[in-house]
Amino acid sequence: MSTLEVSPSEPLTHPSDHPVVNDFSIQIATVNGSGSQTANTVLMRSIFQMGIPVSGKNMFPSNIAGLPTWFTIRASKHGYIGRRKEIDFLVAMNPETAREDVMKLDSGATVVYDEPLKLSELRSDLHFYPVPFDKLVAPVCPEAKLRKLVRNMIYDGVVAWLLSIDMDELRKALVKQFGKRKAKAADLNWGAARAGFDFAARTFTKNDPYRVERMNQTAGKIIIDGNAACALGAMFAGVTVVTWYPITPSSSLVETLIGYMKRFRHDPENGKSTYAIVQAEDELASIGMALGAGWAGARSMTATAGPGISLMSEFIGLGYYAEIPAVVFDVERVGPSTGLPTRTQQGDLLSVALCSHGDTRHPMYFPCSPEECFSMTIDAFDFAEQFQTPTFVMTDLDLGMNNWMADPFAYPDQPIRRGKVLSAEDLSKLGGFARYKDVDGDGVGYRTLPGTDHPAASYFTRGSGHNEKAQYTEREDDYIFNMDRLAHKFECMRQRVPEPVVNIVPGARIGFVAIGTSDYAVRESCDQLRNEYQIDASYLRLKAYPFTEHLVDFIRHHDRVYVVDQNRDAQLLGLMRLELDPGLLAKLRSLRYYGGLPLDARTVTDEVVKQEGK
Amino acid sequence: MSTTPAVPPKKVNRIGLEVLPYKGSRTTLCAGCGHNSISERIVECFYELGIQPWTVAKFSGIGCSSKSPAYFLGLSHGFNGVHGRMPAIATGAMLANRNLLGLGVTGDGDTASIGIGQFMHLVRRNLPMIYIIENNGVYGLTKGQFSATADLGSTLKTGMPNDLPPFDCCALGLKWGATFVARSFSGDKRQLQAILKTAISHQGLSIIDVISPCVTFNDHEGSTKSYSYMKEHEEVLHELDYVPYYEDISVEIPEGTVTEVQMHDGSRLRIRKLDRDFDPTDRLAALGALEEAEKKGEVLTGVLYVNTRKPTFLELLNLPEEAIATLPESRVRPSKSVLEQVMEELR
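Residues numbered from 1 in each chain as written. Chains lettered and ligands numbered in written order. Predicted model: local features only at pLDDT ≥ 70, side-chain atom pairs only at ≥ 80, totals over all residues.

Undergrad: How do you make sense of the overall build of chain A when you look at a structure like this?
TA: Counting secondary structure elements, chain A contains 20 helices and 24 strands. Over its C-alpha trace chain A gives a radius of gyration of 27 Å, about what one expects of a compact globule, namely 25 Å for 614 residues. Principal-axis analysis of the C-alpha atoms gives chain A an extent of 85 × 65 × 40 Å. Within chain A, the fraction of its 614 residues that count as buried is 55%. Within chain A, contacts between residues at least 6 apart in sequence are counted, and of these 76% link residues at least 24 apart. (Helix = DSSP H or I, 4+ residues; strand = E, 2+ residues; numbered from the N terminus. Rg over C-alpha atoms; globule rule 2.2 N^0.38 Å. Buried ≥ 20, exposed ≤ 12 C-beta atoms within 10 Å, placed from the backbone. Contact = placed C-beta atoms within 7 Å.)

Undergrad: Quick question: what am I supposed to make of the overall build of chain B here?
TA: Of regular secondary structure, chain B possesses twelve helices and 13 strands. For 347 residues, the compact-globule estimate of 2.2 N^0.38 gives 20 Å, and the C-alpha radius of gyration of chain B, at 21 Å, lies within 12% of that figure. Dimensions of chain B, computed from the C-alpha atoms along their principal axes, are close to 75 × 55 × 45 Å. Counting the 347 residues in chain B, one finds 53% classified as buried.

Undergrad: Please explain the domain arrangement of chain A as it appears in this structure.
TA: A common measure of how large an interface is: the accessible area buried when the components associate. All names here are of chain A. When the domains of chain A are assigned, the result is domain 1 (20-211), domain 2 (224-406), domain 3 (424-493) and domain 4 (501-612). The C-alpha-based centres of domain 1 and domain 2 are spaced at 35 Å. In this complex, domain 1 contributes 13 residues to the contact, which on the side of domain 2 involves eight residues. Looking at the side of domain 1 that touches domain 2, the elements with two or more residues in it are α1 (36-49) and β3 (54-59). (Domains from an automatic or database assignment.)

Undergrad: Just to check I follow, could you spell out the sheet that holds strand β2 (residues 23-31) of chain A for this structure?
TA: As a general point, the strands of a sheet are linked pairwise by backbone hydrogen bonds and lie either parallel or antiparallel. Residue and element names in this part refer to chain A. The strand order across the open sheet formed by six strands is β3-β4-β2-β5-β6-β7, and the pairing between neighbours is mixed. At either end of the open sheet lies a strand with only one pairing partner, and these are β3 and β7 (127-131). Going across the sheet, the axis of each strand differs from the next one's by a mean of 15 degrees, ignoring polarity. Of the pairings in the sheet, the one linking β2 to strand β5 (residues 89-92) comprises four bridges and is parallel in character. Paired with glutamine 27 across the two strands is leucine 90, which belongs to β5. Lying on the sheet, helix α4 (residues 147-163) is in contact with β2, β5, β6 (110-114) and β7; it crosses β7 at an angle near 140 degrees. (Pairing = 2+ DSSP bridges. Axes fitted to C-alpha atoms, helices over the stretch in contact; angles between N-to-C directions.)

Undergrad: Sorry, what's going on with the sheet that holds strand β9 (residues 234-236) of chain B here?
TA: With mixed pairing, nine strands are arranged side by side in an open sheet as β18(A)-β2(B)-β1(B)-β3(B)-β4(B)-β8(B)-β7(B)-β13(B)-β9(B). In this open sheet, the two strands that pair with only one neighbour each are β18 (460-462) of chain A together with β9 of chain B. Between one strand axis and the next, the sheet turns by 20 degrees as a mean value, whatever way the strands run. The strands touched by helix α9 (residues 283-296) of chain B within the sheet are β7 (180-185), β9 and β13 (299-306) of chain B, with β13(B) carrying the most contacts at an inclination of about 170 degrees.

Undergrad: Hey, could you run me through the environment of Gly107(B) in this one?
TA: All names here are of chain B. Looking at the element boundaries, glycine 107 is found in strand β3 (residues 101-107). Residue class for glycine 107 comes out buried when judged on the 35 C-beta atoms lying within 10 Å of it. Taking the C-alpha atoms as reference, glycine 107 lies 10 Å from tyrosine 131; in sequence the two are 24 residues apart. Apart from residues lying up to four places away in sequence, glycine 107 is in contact with Gly63, Cys64, Ser65, Ser66, Ile133 and Glu134.

Undergrad: Can you help me understand the interface of chain A and chain B in this one?
TA: Residue-level contacts link 57 residues of chain A with 50 residues of chain B. Where the side of chain A that touches chain B is concerned, the elements lending two or more residues are β9 (222-225), α7 (226-236), β10 (241-244), β11 (276-279), α9 (283-295), α10 (306-322) and β18 of chain A. At nine residues, α9(A) tops the list of elements feeding residues into the side of chain A that touches chain B. Here the residues of the side of chain A that touches chain B are counted per class, giving 34 nonpolar, 16 polar and seven charged. Here β18(A) pairs with strand β2 (residues 77-80) of chain B via three bridges, running parallel. (Nonpolar A, V, L, I, M, F, W, Y, C, P; charged D, E, K, R; others polar.)

Undergrad: Please explain the pairing of β13(B) as it appears in this structure.
TA: Moving residue by residue along a regular strand, the side chains alternate between the two faces of the sheet. Residue and element names in this part refer to chain B. Taking burial as the measure, the eight residues of β13 include eight buried ones, the bulk of the element. The sheet contact formed by β7 and β13 spans four bridges and is antiparallel. Of the residues in β13, the one forming a bridge with arginine 183 is glycine 302. Judged from the three bridges that link them, β9 and β13 form a sheet pairing that is parallel. Each bridged residue has a counterpart across the sheet, and for valine 236 the counterpart in β13 is threonine 301.

Undergrad: Explanation requested: the packing of α1(A) against α4(A) in the structure shown.
TA: To characterise two packed helices, one gives the angle between the axes of the helices and the distance between these axes. Residues and elements named next belong to chain A. For the pair α1 and α4, interaxial distance at closest approach is 8 Å and the crossing angle is 25 degrees. Put simply, α1 runs roughly parallel to α4. For the element pair α1 and α4, the recorded crossing hand is right-handed. Packed against α1, whose contacting residues are Ser36, Ala39, Val42, Leu43 and Ser46, the element α4 presents Asn152, Met153, Tyr155, Asp156, Val159 and Ala160 at the interface. (Parallel < 35°, antiparallel > 145°, perpendicular 65-115°, else oblique. Left-handed = near helix turned anticlockwise from the far one by under 90°.)

Undergrad: Sorry if this is basic, but what is going on with α9(B) here?
TA: In an α-helix there are 3.6 residues to a turn, and that puts residues three or four apart on one side. An ideal rise of 1.5 Å per residue puts 20 Å on 14 residues; α9(B) measures up with 20 Å between its terminal C-alpha atoms. A positive phi of about 75 degrees marks Gly297(B), the residue just after α9(B). (Expected span 1.5 Å × (residues − 1).)

Undergrad: Sorry if this is basic, but what is going on with the pairing of β2(B) here?
TA: All names here are of chain B. Because side chains alternate across β2, one face comprises the buried residues His77 and Phe79, and the other comprises Gly78 and Asn80, equally buried. Pairing between strand β1 (residues 56-60) and β2: four bridges, direction parallel. Within β2, the position partnered with phenylalanine 59 by the bridge is phenylalanine 79.

Undergrad: Any chance you could explain helix α16 (residues 518-533) of chain A here in plain terms?
TA: All names here are of chain A. Between the first and last C-alpha of α16 there are 21 Å, a value that for 16 residues agrees with the 22 Å anticipated at 1.5 Å per step. For α16, the set of buried residues is Ser518, Asp519, Tyr520, Ala521, Val522, Arg523, Glu524, Ser525, Cys526, Gln528 and Leu529. Check the buried side of α16 and you find it contacts β20 (510-515), β21 (537-542), β23 (560-565) and α20 (601-612). Two residues or fewer past α16, glutamine 534 is found with a positive phi of approximately 55 degrees.

Undergrad: Hey, could you run me through the confidence of the model for chain A in this one?
TA: For residues with low pLDDT, the predicted coordinates do not support detailed interpretation. Taken over all residues, the pLDDT of chain A has a mean of 95, while the share at 70 or more is 97%. The low-confidence segment residues 1-11 of chain A (pLDDT under 50) makes 23 contacts with residues lying over four places distant or belonging to another chain. (pLDDT = per-residue confidence, 0-100.)

Undergrad: What exactly am I supposed to notice about unusual backbone geometry here?
TA: For residues that are not glycine, phi is negative in most cases, and the peptide bond is trans in most cases. Across the junction of Gly335(A) and Pro336(A), the peptide omega takes the value 0 degrees, indicating a cis bond. Mapped onto the secondary structure, Pro336(A) falls in the loop between β13 (326-334) and β14 (340-344). The residue after Tyr545(A), namely Pro546(A), is reached through a cis peptide bond having omega 10 degrees. Mapped onto the elements, Pro546(A) comes out in the loop between β22 (544-545) and α17 (549-557). Backbone geometry at Gln388(A) places phi at a positive 50 degrees, although glycine is not the residue there. Positive phi, close to 75 degrees, is recorded for Lys143(B), a residue that is not glycine. In this fold, Lys143(B) is placed in the loop between β5 (138-139) and β6 (145-146).

Undergrad: What is the right way to read the nonpolar core from this model?
TA: Soluble, globular proteins show a tendency: their nonpolar side chains are buried together. Judged by nonpolar contacts, the single largest core of 279 residues is most densely connected at Val111(A), Ile154(A) and Val158(A). Here Ile154(A) is in contact with Val131(A), Phe133(A), Leu136(A), Val137(A), Ala192(A), Ala193(A), Ala195(A) and Gly196(A), once residues within four sequence places are set aside. Formed by nine residues, the second largest nonpolar core is a distinct cluster that contains Leu29(B), Cys33(B), Val138(B) and Tyr139(B). (Core = buried A, V, L, I, M, F, W, Y, C linked by C-beta atoms within 7 Å.)

Undergrad: Is there a simple way to explain the confidence of the model for chain B in this structure?
TA: Per-residue pLDDT for chain B averages 94, and the proportion of residues at 70 or more is 96%. Interface confidence for the predicted complex, given as ipTM, is 0.96, next to a pTM of 0.96.

In structure tokens form, the structure reads like this:
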């Protein structure tokens, strides 16, 4: 992808005459636990503050300290913020991986490295900038034990000089990162960044083509990770009971929520909490508590990842059958089993859609951005109560844990919708009710909350067979009638779930269907296919399951439809197989990636080109 | 309902309800099952104390015992959940609405085997609710396998002996934080009533382990949870009298033989000494007494421990007095300016 054309034998010492501006990716290879996260965030934020669309992806190990970590920052004047496969600019800080990292680069790439690693001996077709980090850190950080943490900030300064990043922006980002309370730490780090910048300015001659220039594409935008966006969504949805068990990559969702709730959800008059957050003993307990709370009328939620879903499955079946609202966040990671716990995947689609034994179906939301994490979370809470059923918000590690550029969130424009709940006054008027009677034709019965001050309020909730009046039954006809009503309720959800985003390109013979974070790669791939291969592709991004008529129309409209799955077994395609008319299935092609990294456009493009026989 | 009085007027309790609204549907358990006696005690106690049935939430897991909430308090909401996980359901519901009177009924399989983890964490949290273990030492609904409370050496109906020691749910409750711990026998109407009423008054987790014989699968020679075994081995700690807060207590207490514990709602538990000195506010003494009884092959019944001072889980969470589940939107959705403030921080 480099724009340079060079002969590998010729050392790259001459200045580049083809500058590459605001369109490259930087990879920073460090050891985890070394404080590199701060340096990386500051670097990303500096570019963001210069108005350039940017994304940051952290590839980290399942470990606390001492294992390799890579952070990739992509700057894109075109606004592509998906992962880019090719690395243009490497900062090699980790002796363990430095050689392999360098050998993987495309010709013409740039390498900033720790001088003792002697990386420039490895290849002659790259731009090398050696930096004596240990020598530079000593004078700016007298306290020896802090040097490991401050050292990384030096590369921010070096990279700032090499890429023409405005040091004022870097300082601003640094102050923001440390906050007012840690001004001393900010000063120390600023000294290190400055030392790196000054060293680069007096030592290097700029030979590589990469640099940034101010743009105006990020004004007003925020930087946030998907987990924090879901947390904010939950707070503004009016969540009252939150139960959870720590698991990567979902833990930060609840941890962030705890922080916001402590600030904004205490009664100003008496200081009381308008919520309860409980760290449960395991996932079985966390979903059990969420369902108990939902049954008693709370807006309840839990957050987990694939292994947690497996543990919760019995209770989720109870939630479906006894018809209890709760919102479950599944921040997906690589399975099966423990899998790759710090890598991303969309691998829980089938296990969630059909979670638990017997005939069960569960609605799922598929947000693709922080904005949607926020708005769809709010909608999911309404949905769960309207349909009285566990409702899943499916994100993944890439969306949940990485920092994303986003538009500021819109305040909800609708009041909270709490579904069909009968009050004591309602009961006095009605005289009574039958919990599972389909009064309105949408399959959803009316419920009462325990504690409702009326003798006719009670009903008995059970996971065993029950009739319309919630009475125990083992009768064949009662069972079938109830299961058919539940199936009808699921059908009615199709009219209520968020509609997909559809982009029909006139004349396009092929189309894409994707969900969640696949969006970034697919949109960029559509451009690549058009620009590089003259292939036009339409695109439908699903926002929810069950699917709507739009999907059927979209497939009918195209000759071949590529269903993009970030899992091995084509789970999204599998879900479609369960629902769609067999005649349509012949048009579906599977496009899969399951290596654990965020999906990139080139992978999508190459696969389509291959399958299209171009 | 009570609003249409029949002639002649029927007997009603202090809130004007007859006993009928406290009953449930007809039991489907075996005739003679200890669980049915416990259901009857529950009906009596809630009726006699004049508790509005619709302020009670019933919880259970899976098993014969867990079916029983359908057979009492028919005007209360009930939740028959999954095996061993009743504590989670109850915890969630009580978080949502702290004003519910939580009444959990479970069995020894539910509590001591599949659900022992949730049981222990419920104890640790001191969630304010009543937790009755209908303990018969056997899996009834799956036709007669040992449970984890079956005593060492006791035998199944087939003659197969149990070669593992039992969990003592009272000892577990005492060790890890329950604030009212009692053991009773389904056949001891008077004692069970006093214990149940005290538990209703208690603010905190009440563990009541009731030996409740299974007439079909564990009432034979060789069983240590049979009616005849209990008659021979029950060792009653003390005589109990419950005096509700709304009753004037003018009877003089004879010195030395009777002690009183005042419950949170002002009710009193009167404890009349029998053969031994036993102080139910001394947790370690209770554990010691259980240990000693086990060695002697006795089944100690009575109130083992009561602690009226320890904060409950709901207090630790700093919840408001009203149910958080039904707080109005204005109290659970922060304002637009809060969102704007957060957005500004993220810029």
